[in-house]
Amino acid sequence: MSGDVLISLALIIPLVGMVAIWLLGKSPDVRECATLLTAIALFGVCATLAARVGAGESPEWVMATAAPGLDFAFKLEPLGALFACIASGLWSINSLYSIGYMRGNKEGHQTRFYMCFAIALFGAMGVAMAANLFTLFVFYEVLTISTYPLVAHKGDDNARRGGRIYLTTLLGTSVGLLLLAIVGTYMAAGSTDFVEGGLLDGQVTPLAASVLLILFMFGIGKAALMPFHFWLPNAMVAPTPVSALLHAVAVVKAGVFTVLKVAIYIFGPDLLDATPARDGLLMVAVGTIIIASLIAMTKDNLKARLAYSTVGQLAYVTTGALLATGASFAGGALQILMHAFGKITLFMCAGAIYVATGKTEISQMRGLGRRMPWVFIAFTIGALSVTGLPPLGGAWPKFLLMSGAFEADKAYAAWALLISSLLNIAYLLPIGVLALMPPKGPLEIAPYKRPGGTPPFAVGPLLFTALGSLVLFFFAGPVVVFLTPATGALR
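Residues numbered from 1 in each chain as written. Predicted model: local features only at pLDDT ≥ 70, side-chain atom pairs only at ≥ 80, totals over all residues. Heavy atoms only, no water.

S.K.: I'd like to hear about the overall build of the protein chain, residue by residue, with values.
M.R.: Across its full length, the protein chain holds 19 helices and two strands. Expected size for 491 residues packed as a compact globule is a radius of gyration near 23 Å; at 21 Å, the protein chain falls within 12% of this value. Each principal axis of the C-alpha distribution contributes one length, and for the protein chain these read about 70 × 50 × 45 Å. Per-residue burial for the protein chain yields a buried fraction of 61% across its 491 residues. Across the protein chain, contacts joining residues at least 24 apart in sequence account for 81% of those joining residues at least 6 apart. Summed over all atoms, the accessible surface of the protein chain reaches about 17200 Å², with 70% contributed by carbon and sulfur. (Helix = DSSP H or I, 4+ residues; strand = E, 2+ residues; numbered from the N terminus. Rg over C-alpha atoms; globule rule 2.2 N^0.38 Å. Buried < 20%, exposed > 50% of the residue type's maximum accessible area, 1.4 Å probe, protein only. Contact = heavy atoms within 4.5 Å. Areas by Shrake-Rupley, 256 points an atom, 1.4 Å probe, with all protein chains shown as cover.)

S.K.: Let's hear about the nonpolar core: which residues, and what values?
M.R.: Grouped together as the largest cluster of nonpolar side chains are 169 residues, with contacts concentrated most on Met 129, Phe 216 and Phe 267. Among the elements that make up this core, the one with the highest residue count is helix α13 (residues 326–357) (19 residues). Once residues within four sequence positions are removed from consideration, Phe 267 is found in contact with Gly 197, Gly 198, Leu 200, Asp 201, Ala 209, Leu 212, Leu 213, Phe 216, Val 262 and Leu 272. (Core = buried A, V, L, I, M, F, W, Y, C linked by side-chain atoms within 4.5 Å.)

S.K.: Pulling in residues and values, what's your account of helix α12 (residues 302–323)?
M.R.: Its 22 residues place the ends of α12 32 Å apart at the C-alpha level, agreeing with the 32 Å of an ideal helix rising 1.5 Å per residue. By the N-cap criterion, in which a side-chain oxygen at the helix start approaches the backbone nitrogen of a residue two or three places on, α12 is capped by Asn 301, the distance to Lys 303 being 3.1 Å. One or two steps after α12, the chain reaches Ala 324, where phi turns positive at roughly 60°. (Expected span 1.5 Å × (residues − 1). Polar contact = N/O pair within 3.5 Å; in protein donor to acceptor, adjacent residues only side chain to side chain.)

S.K.: Before we move on, can you summarise the packing of aromatic side chains with the specific residues and values?
M.R.: All chains considered together, the criterion is met by 16 aromatic pairs. Here the aromatic rings of Phe 113 and Phe 117 are separated by 4.9 Å at their centres, their planes lie at 45°, and the arrangement is tilted. Of the two residues, Phe 113 and Phe 117 are both situated in helix α4 (residues 110–129); the distance of four residues between them amounts to about one turn of the helix. The exposure class assigned to Phe 113 is buried, which follows from its relative accessible area of 0%. For Phe 117, a relative accessible area of 3% translates into the label buried. Aromatic pair Phe 216 and Phe 267: ring centres 6.0 Å apart, planes at 80°, arrangement edge-to-face. Of this pair, Phe 216 sits in helix α7 (residues 206–219) while Phe 267 sits in helix α10 (residues 251–274), and the two are 51 residues apart along the sequence. Residue Phe 267 is classed as buried on the basis of its relative accessible area of 0%. (Phe/Tyr/Trp six-rings, centres within 6.5 Å; stacked < 30°, edge-to-face > 60°.)

S.K.: Which residues make up the environment of Trp 415, and what are the values?
M.R.: Mapping Trp 415 onto the fold places it in helix α17 (residues 411–436). For Trp 415, a relative accessible area of 54% gives the class exposed. Sequence separation between Trp 415 and Ala 405 is 10 residues; the distance between their C-alpha atoms is 9.2 Å.

S.K.: Before we move on, can you summarise the pairing of strand β2 (residues 70–75) with the specific residues and values?
M.R.: Relative to β2, strand β1 (residues 60–67) is paired through six bridges, and the arrangement is antiparallel. Along β2, the bridge assignment pairs Trp 61 with Phe 74. Counting the residues in the hairpin turn of β1 and β2 gives two residues, including Gly 69, whose phi is positive at 80°. (Pairing = 2+ DSSP bridges.)

S.K.: Could you give an account of the pattern of salt bridges, naming the residues involved and the relevant values?
M.R.: On inspection of all chains with the given rule, the structure shows six salt bridges. We note a salt bridge from Glu 77 to Lys 261, for which the minimum N-O separation is 3.1 Å. Within this pair, whereas Glu 77 is found in the loop between β2 and α3 (78–104), its partner Lys 261 is found in helix α10, the two being separated by 184 residues in sequence. Taking the relative accessible area as the measure of exposure, Glu 77 reaches 12% and is therefore buried. (Salt bridge = Lys/Arg side-chain N within 4 Å of Asp/Glu carboxyl O.)

Rendered as structure tokens:
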């Protein structure tokens, strides 16, 4: 099967799945089967494409031409192939988890929920496979709009407010800043194509490069760089599977993926080094890492704490992009993968606790580890990975990012990463410790709000992703080798 056919399948499968989910809405069991089969089929296509990219191929498909130098086109390279596999693979896991969570929590509008998930994955595939900024921008917006109903899913005042903040912030930054950056790039280079070495290298003055870099970094609102981060904590009003989608599968990962693509293929390392605004933006990214971690320590609500943790962890990728070395590019790309597994584990654990007990505040979780040992074991594994402790996958991105910081002579960035790890330990690991402590009062006769506790479908997936965080520690090397054509880490 040719590369253009495989790319078209990766885009069509989520849409076909969406239609099937809609048609089967009155038969929940069949509808969920359609969701899972769609996710598995999409992952199969993405894995096939990734194998071809690993073999040195560059699958591409030019769908249409809007203007000279402005094609609606797709081309897959290692970074895009990695993101496509993460999004499609974790969609399969999150779909299985959603069955347990949505039914266990008796959520309404489940057909709409699964349909929006499918459209969101369509957007994520377009972002991953876009051959240029023009195509990426279209699918970036599809991803924003399709996830708005998921954020506002519950329909109450808090959900509507969170949804409004989500939509206005992401559309405002993308239309007001990112679109200007894309237009400026087109005017300077006559194209928006992703080019090895950087499309703008040799095409713009240092001042113009600074303006464009500022527009890109703040215009990519999904990367949640401060001060455009507040949409993310406000979006935590959504059901937990949506939070997992936002933080691990598609939305924020699409943001930092776009940041890396812009750094590597639009600017390139040489132009980034020569851009005066780079150092100021790097300070913003480093500040985001520390400030978000400090805010996370003040949050008693578990999802809120995890949300601010994500803001800081996303800034790792932006920091890697701005350091502009082979090691930092590889570290940023690897952070997308490792953080995806660690953070989806943490959010699924938060959802499992809520479904079983109705508890959302960390201070209420004393003793729960004795009733829900597997959930809290998985939570601790995910926390250790996000913190960056070996032998868990999250250790490698921090090692590469710190190496890149010293290579770029930006030691303060390495120190920020080290301080962040210590803060991660301070606000994540005590949750598991608290859960293992004996309850202050006698155990209740009926400790669960839901008879039987957490549904098995909501426990199995989080154990799988926790195991993935461990296994990936031993496969980081092959992933870095796979990414080398994009990052240059081993050249």
